[in-house]
Amino acid sequence: MASRREVRCRCGRRMWVQPDARTVQCSTCHTVTQLYSLVDIARGANRIIHGFQQLLRQHQPQHHEQQQQQQMMAQPPPRLLEPLPSPFGKKRAVLCGVNYKGKSYSLKGCISDAKSMRSLLVQQMGFPIDSILMLTEDEASPQRIPTKRNIRKAMRWLVEGNRARDSLVFHFSGHGSQQNDYNGDEIDGQDEALCPLDHETEGKIIDDEINRILVRPLVHGAKLHAVIDACNSGTVLDLPFICRMERNGSYEWEDHRSVRAYKGTDGGAAFCFSACDDDESSGYTPVFTGKNTGAMTYSFIKAVKTAGPAPTYGHLLNLMCSAIREAQSRLAFNGDYTSSDASAEPLLTSSEEFDVYATKFVL
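An account of the accompanying structure is given in this report. (Residues numbered from 1 in each chain as written. Predicted model: local features only at pLDDT ≥ 70, side-chain atom pairs only at ≥ 80, totals over all residues. Heavy atoms only, no water.)

We now examine the pairing of strand β5 (residues 91-97). Within β5, 6 of the 7 residues are buried, which leaves the element mostly enclosed by the surrounding structure. Here β5 runs beside strand β7 (residues 167-173); their pairing, made up of 7 bridges, is parallel. Across the sheet, the residue bridging to Gly97 is Ser173, located in β7. Pairing of β5 with strand β6 (residues 132-136), which is carried by 5 bridges, proceeds in the parallel orientation. Paired with Gly97 across the two strands is Thr136, which belongs to β6. (Buried < 20%, exposed > 50% of the residue type's maximum accessible area, 1.4 Å probe, protein only. Helix = DSSP H or I, 4+ residues; strand = E, 2+ residues; numbered from the N terminus. Pairing = 2+ DSSP bridges.)

Below you can see the structure in the form of structure tokens.
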């Protein structure tokens, strides 16, 4: 017969029990202790090992599938459509030129405007060519046609993940328009809008949406410059401050902040050079280059090239206005200027007031 074995209670008392005993009660503290034999321990260990082996068998196929998925993700996808450039970089731009080919309201120089802006950014401003997204009717990729959907997507791409020291540019050359303001955030009761290629069926892109996509996400240290060569484009970014520049160079800021909606940034800076005021028409003219080109786009490019290194915003705006006035005066006698408002001049709007003659313009 097997000998008894010793068991120690939690209170410290030593007890002797029979080999086949399952429980024992301490005579001092009356605690009941559960007893296990070596066979029980071995059986429990076997059950644990068996369960662990089953888990391994279940996990291995899943792990293999995960490895396959990771390998597939690591491989570049087939290029059915041309991918957008990476949105992460210090300098990037979206340039839209819409001629509305085949329409009764077609334009002649907007695609050329976008190409001229690209040349300026690459050759003069150090923008990498692969950081510029072009949307024109001449592009081969369906993603690069200036439809409402593609322009929206491009604007989101432009500001995605923006960070301090980013320089972002948005350029649009095409038709602009106005429509009734339905949320009460416009002083004149009109929303300004850009007209994409398919605006007749898909609708226009109004200033509320442009502000929400392009302006609101700008973080501290990030900077956006917009150049809008279109009619009714004065406040098409819905920026709250308008710079009214006189011909003698004096200026004042108009505060158009709305109590109904915040139109500023998330700490960054936004500036917009527009072809004209909200109630005016822009124009294009062959006087500059001998072929139809947007007067606003050309005057901006010429001012940037001739102003010297790091001009101020005031200097740049005066140069632009001077170029427009020169074109207007040269064409006033023969009526070649294709604008219904010959007094239209470039307009500067901003997310904040600032000294235009002390602040440097840097892209």
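Time to look at the sheet that holds strand β12 (residues 241-245). Strand order in the open sheet formed by 8 strands is β6-β5-β7-β11-β14-β17-β12-β13, and the pairing between neighbours is mixed. Whereas interior strands pair on both sides, the edge strands pair on one side only; in this sheet they are β6 and β13 (251-255). Averaged over neighbouring strand pairs, the angle between their axes works out to 15° when direction is ignored. Both β12 and β13 contribute to a ladder of 5 bridges, which runs antiparallel. The partner of Cys243 across the bridge, within β13, is Trp253. Against the sheet, helix α2 (residues 110-123) engages β5, β6, β7 and β11 (223-229), with an angle of about 165° to β5. Strand contacts of helix α6 (residues 295-306): β7, β11 and β14 (269-274), with the helix running at about 135° to β11, the strand carrying the most contacts. (Axes fitted to C-alpha atoms, helices over the stretch in contact; angles between N-to-C directions. Contact = heavy atoms within 4.5 Å.)

This next bit is on the layout of surface pockets. There is about 270 Å³ of room inside the largest pocket. Lining the largest pocket we find 17 residues, and of these Glu186, Thr235, Ile242, His256 and Asp278 sit closest to its centre. Grouping the amino acids of the lining of the largest pocket by side-chain chemistry returns 4 nonpolar, 3 polar and 10 charged. (1 Å grid on protein atoms, 1.4 Å probe; cavity = no way out; pocket = protein on both sides within 12 Å on 5 of 7 lines; lining within 4 Å. Points joined across faces, edges and corners; volume = space filled by probe spheres on them. Nonpolar A, V, L, I, M, F, W, Y, C, P; charged D, E, K, R; others polar.)

Glancing now at helix α3 (residues 148-159). Between its first and last C-alpha, α3 extends 17 Å over 12 residues, near the 16 Å set by a 1.5 Å rise per residue. For α3, every residue scored as buried is listed here: Lys148, Asn150, Ile151, Ala154, Met155, Trp157, Leu158 and Val159. A positive backbone phi angle near 60° is found at Gly161, which sits one or two residues after α3. (Expected span 1.5 Å × (residues − 1).)

Attention now goes to the packing of α3 against helix α5 (residues 207-215). Contact geometry for α3 and α5: axes closest at 8 Å, N-to-C directions at 30°. With respect to α5, the axis of α3 lies roughly parallel. Contacts from Arg152, Met155, Arg156, Leu158 and Val159 in α3 reach Glu209, Ile210, Ile213 and Leu214 in α5. A per-class count over the contact of α3 with α5 returns 6 nonpolar, no polar and 3 charged. (Parallel < 35°, antiparallel > 145°, perpendicular 65-115°, else oblique.)

Moving on, we come to the sheet that holds strand β9 (residues 190-194). A sheet is described by the order of its strands in space; here 3 strands give the open sequence β8-β9-β10, paired in antiparallel fashion. In this open sheet, the two edge strands, each paired with only one partner strand, are β8 (176-180) and β10 (205-206). Both β8 and β9 contribute to a ladder of 5 bridges, which runs antiparallel. In the strand pairing of β9, Asn180 is matched with Gln190.

Our focus in this paragraph is the packing of aromatic side chains. This model, assessed by the stated rule, comprises 11 aromatic pairs. Pairing Tyr100 with Tyr105 gives two aromatic rings, centres 5.6 Å apart and planes at 65°, and the pair type is edge-to-face. Residue Tyr100 is classed as buried on the basis of its relative accessible area of 0%. Summarising the aromatic geometry, the rings of Phe273 and Phe300 are spaced 5.6 Å apart at their centres and angled 50° between planes, so their arrangement reads as tilted. Of this pair, Phe273 sits in strand β14 while Phe300 is found in helix α6, placing the two residues 27 residues apart along the sequence. In this structure Phe273 comes out as buried when scored by relative accessible area, which is 0%. Given the relative accessible area of 2%, Phe300 is considered buried. An aromatic cluster is built from Trp253, Phe271, Phe273, Phe300, Tyr313, Phe354 and Phe361, whose rings are joined through pairwise contacts. (Phe/Tyr/Trp six-rings, centres within 6.5 Å; stacked < 30°, edge-to-face > 60°.)

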